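Fold and contact review
Here is what each chain is made of, one letter per residue.
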Amino acid sequence: MQAKVEMGLVNEVELKSLLEQETDSPQTNAASLMEQGSLRERRAKAPRNSVVQSFKIVILSNKLNLLLPFGPLAILVHYLTDNKGWFFLLSLVGITPLAERLGYATEQLSCYTGATVGGLLNATFGNVIELIISIIALKNGMIRVVQLTLLGSILSNMLLVLGCAFFCGGLVFPGKDQVFDKRNAVVSSGMLLMAVMGLLFPTFLHYTHSEVHAGSSELALSRFISCIMLVAYAAYLFFQLKSQPSFYTEKTNQNEETSNDDEDPEISKWEAIIWLSIFTAWVSLLSGYLVDAIEGTSVSWKIPISFISVILLPIVGNAAEHAGAIMFAMKDKLDLSLGVAIGSSIQISMFAVPFCVVIGWMMGAQMDLNLQLFETATLLITVIVVAFFLQLVNLEANYETNVDFIFMIANHETMHS
């Protein structure tokens, strides 16, 4: 009986493998044709809004935009008073809706570009707040602020956002097991571990005192690793959008019926480009004032700069993503929550961090990947815990599936014997 069950399992696995090989190419072609047809349909339905209509859709349609006036108010406080604390607080509040509107404009523009260009846009503008703040801080020579801000963004996405999403999803669906795509989780965990390995080597080189030229060897290694990480991230995007299109379009097709109304663009392509440029310029202006006020705020509020960099700046920069991940989990769309939380962490660790090292190289700033021992250890432990958690859930789900399959084969053999 046991031999028959094992033979049934082997035959079932072989059959699934053959079916996947035969249907992989047709699924890829079908996904490509569906994407092209969807793009033509969206371009045909592109709205032609006037300036007033576009302003109403982009600015007045979201309640979070009520915080937009805090940006000009912060600049006014900057020139009228010397209170750095109030100016810093108002700037943080004013940047929060801009982060959400940047994501909205990028999403609208992606409706006209397709998956490949849309993925590149999301990679570029997904964490544009952190990138702009980091570049301005690099220009001002605040390398430590750049390192801590990017580190805080990774930790907040992996711990705060993911934890809140799981917690809120469990509250809304207390008697249901929320599921997610295990293959995507495995790929994401591997990318995060790869990113941490890249950050570990410069730190180990520094603290083991094994570098040939003190300081220069560590900097050269950081720049070399940054270039490798950027190439690896480009390959990761290619894998997502070109090599496995059916794998990543499958989730979109599953939610097509429930989110069909949201797929149609609300503004035209050129409107999205103009609004994206306006929001980026406004964020750059506010970020310049914000970076200048960090040291004064630290003195005024009597809190360390590390707390501002690791806690306050990342939370504000990722506020819209935090809310989106929680809302997706409360709608039983855990795949999207994981895509927001872990995907954003991958963007920062594999793209934003090495990009800042390369930009600092071009500016002549000695930006490296040595985040110091405690910070690097914290990041390593966080990634290992999250990866272990996702793998544990994956193994549990596979175990339950295999047990059910074995009982099904056993019952089938019992009925025929």
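What you are looking at is a predicted structure, and each value in this text was computed from that prediction instead of being measured.

The rules behind the values
Residues numbered from 1 in each chain as written. Predicted model: local features only at pLDDT ≥ 70, side-chain atom pairs only at ≥ 80, totals over all residues. Heavy atoms only, no water. Axes fitted to C-alpha atoms, helices over the stretch in contact; angles between N-to-C directions. Helix = DSSP H or I, 4+ residues; strand = E, 2+ residues; numbered from the N terminus. Parallel < 35°, antiparallel > 145°, perpendicular 65-115°, else oblique. Left-handed = near helix turned anticlockwise from the far one by under 90°. Nonpolar A, V, L, I, M, F, W, Y, C, P; charged D, E, K, R; others polar. pLDDT = per-residue confidence, 0-100. Contact = heavy atoms within 4.5 Å. Core = buried A, V, L, I, M, F, W, Y, C linked by side-chain atoms within 4.5 Å. Buried < 20%, exposed > 50% of the residue type's maximum accessible area, 1.4 Å probe, protein only. Salt bridge = Lys/Arg side-chain N within 4 Å of Asp/Glu carboxyl O.

Things to note about the packing of helix α4 (residues 84–110) against helix α12 (residues 269–292)
Packing of α4 against α12 brings their axes to within 9 Å, and their N-to-C directions diverge by 160°. When the interaxial angle is binned, α4 and α12 end up roughly antiparallel. You can see that α4 and α12 cross each other, and the crossing is left-handed. Split into classes, the residues belonging to the contact of α4 with α12 amount to 17 nonpolar, 6 polar and 2 charged.

Describing the confidence of the model for the protein chain
Taken over all residues, the pLDDT of the protein chain has a mean of 77, while the share at 70 or more is 74%. Between the elements of the protein chain, mean pLDDT differs from a low of 46, seen in helix α10 (residues 245–254), to a high of 90, seen in helix α7 (residues 143–172). Low pLDDT, under 50, characterises residues 1–28; the stretch is placed with 14 contacts to residues that sit more than four places away or in other chains. Throughout residues 246–262 the model reports pLDDT below 50, and contacts reaching past four residues in sequence, or to other chains, amount to 21 contacts.

What about the nonpolar core?
Judged by nonpolar contacts, the single largest core of 89 residues is most densely connected at Phe88, Ile129, Leu313, Ile346, Met350 and Leu379. Looking at which element gives the most residues to this core, the answer is helix α16 (residues 334–363), with 12 residues. Leave out the neighbours within four places in its chain, and Leu379 touches Leu151, Ile154, Leu155, Val196 and Leu199.

Quick notes on the pattern of salt bridges
As enumerated under the stated definition, the model contains 2 salt bridges in all. Salt-bridge contacts for Glu100 lead to Arg101; the nearest nitrogen and oxygen are separated by 2.7 Å. The pair Glu100 / Arg101 is uniform in exposure class, with both members buried.

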